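Each chain is listed here by its residues.
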Amino acid sequence: MHPRNYGPLKAPTGIGVGHSERSGEFVMFYIKTEGEILQEVGYATNGCQDTVVLGSMFTEMIKGESLEYAQKAAIKLRDKVSFGPAKQQACADMVLTAFEAALIHERNCIEGSTEELYAIEIDMECEVEE
């Protein structure tokens, strides 16, 4: 009912998008780092309730943690949902892909890029047949 960390950040250091062209669903993931620590995280989506819940859960897991911890947490979450329903797998993939894209965007900006965000297209979509 009240997802945590939902919405954009002011002055993020990275913005990533996981997007399904087939369905039009997306997750935008925002990060603000200081050194190797994720000081703030946020996300937004037009996906289903499962995507909102997974985004809230994942952002709570990584907020205030190191980038290394967050990347390991993403791998663990992807592994855990791989045994679940296809819909949960697709929703988690969209959230985690957007996080990965935010990390890439931040790295690109450090290297001098002026892109507004980094997007990664995904094959899966939340509204999969069970």
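Cut-offs and rules
- Residues numbered from 1 in each chain as written.
- Predicted model: local features only at pLDDT ≥ 70, side-chain atom pairs only at ≥ 80, totals over all residues.
- Heavy atoms only, no water.
- Pairing = 2+ DSSP bridges.
- Helix = DSSP H or I, 4+ residues; strand = E, 2+ residues; numbered from the N terminus.
- Axes fitted to C-alpha atoms, helices over the stretch in contact; angles between N-to-C directions.
- Parallel < 35°, antiparallel > 145°, perpendicular 65-115°, else oblique.
- Left-handed = near helix turned anticlockwise from the far one by under 90°.
- Contact = heavy atoms within 4.5 Å.
- Core = buried A, V, L, I, M, F, W, Y, C linked by side-chain atoms within 4.5 Å.
- Buried < 20%, exposed > 50% of the residue type's maximum accessible area, 1.4 Å probe, protein only.
- Expected span 1.5 Å × (residues − 1).
- Arc of directions from axis to C-beta.
- Salt bridge = Lys/Arg side-chain N within 4 Å of Asp/Glu carboxyl O.

Student: Let's hear about the sheet that holds strand S3 (residues 37-45): which residues, and what values?
Tutor: Across the sheet, four strands lie side by side as S3-S2-S1-S4; this open sheet has mixed pairing. Edge positions in the open sheet fall to S3 and strand S4 (118-121), since each of these has one partner strand only. Averaged over all pairs of adjacent strands, the angle between strand axes in this sheet comes to 20°, irrespective of strand direction. Across six bridges, the pairing between strand S1 (residues 14-19) and strand S2 (residues 26-34) is antiparallel. Among the inter-strand pairings, Val17 is bridged to a residue of S2, identified as Met28.

Student: Report on the packing of helix H2 (residues 67-81) against helix H3 (residues 86-110), specifying residues and quantitative values.
Tutor: One way to put it is that H2 packs onto H3 with a least axis distance of 10 Å and a crossing angle of 160°. In terms of orientation, H2 lies roughly antiparallel with respect to H3. The chirality of how H2 crosses H3 is left-handed. Of the residues in H3, those touching H2 at Leu67, Ala70, Gln71, Ala74, Leu77, Arg78 and Val81 are Gln88, Gln89, Ala92, Asp93, Leu96, Thr97, Phe99, Leu103 and Glu106.

Student: Got a sec to walk through the nonpolar core? Specific residues and values, please.
Tutor: Nonpolar side chains in soluble globular proteins generally cluster together in the buried interior. Counting residues in hydrophobic clusters, the biggest one holds 27 residues, and the most contacted among them are Phe29, Ile31, Leu38, Phe58, Ile62 and Phe99. Those elements that provide at least two residues to this core are S2, S3, helix H1 (49-62), H2 and H3. Broken down by element, this core gets its largest block of residues, nine residues, from H3. Not counting chain neighbours up to four residues away, the residues in contact with Ile31 comprise Leu9, Pro12, Thr13, Gly14, Leu38, Glu40, Val41, Phe99, Ala102, Leu103 and Glu106.

Student: Quick rundown of H3? Include the residues and the values.
Tutor: Between its first and last C-alpha atoms H3 spans 36 Å; for 25 residues at 1.5 Å apiece the expected length is 36 Å, and the two agree. At the C-terminal side of H3, Gly112 shows a positive phi close to 105°.

Student: Describe H2, listing the residues and the values that go with them.
Tutor: An ideal rise of 1.5 Å per residue puts 21 Å on 15 residues; H2 measures up with 21 Å between its terminal C-alpha atoms. Those residues of H2 that sit buried are Leu67, Ala70, Ala73, Ala74, Leu77 and Val81. The arc that holds the buried residues of H2, viewed along the axis, is 115°, so those residues lie on one side. For H2, exposure combined with an orientation more than 90 degrees from the buried face picks out Glu68, Ile75 and Lys76. Lining the buried residues of H2 we find S2, S3, H1 and H3.

Student: Help me get a handle on the pattern of salt bridges, residues and values and all.
Tutor: With the rule as written, the count across this model stands at four salt bridges. For Arg4, the salt bridge goes to Glu60, with nearest N and O atoms at 3.6 Å. In this pair, Arg4 sits in the segment before S1 while Glu60 sits in helix H1, placing the two residues 56 residues apart along the sequence. Linking Glu40 and Lys32 is a salt bridge whose minimum nitrogen-to-oxygen distance equals 3.6 Å.

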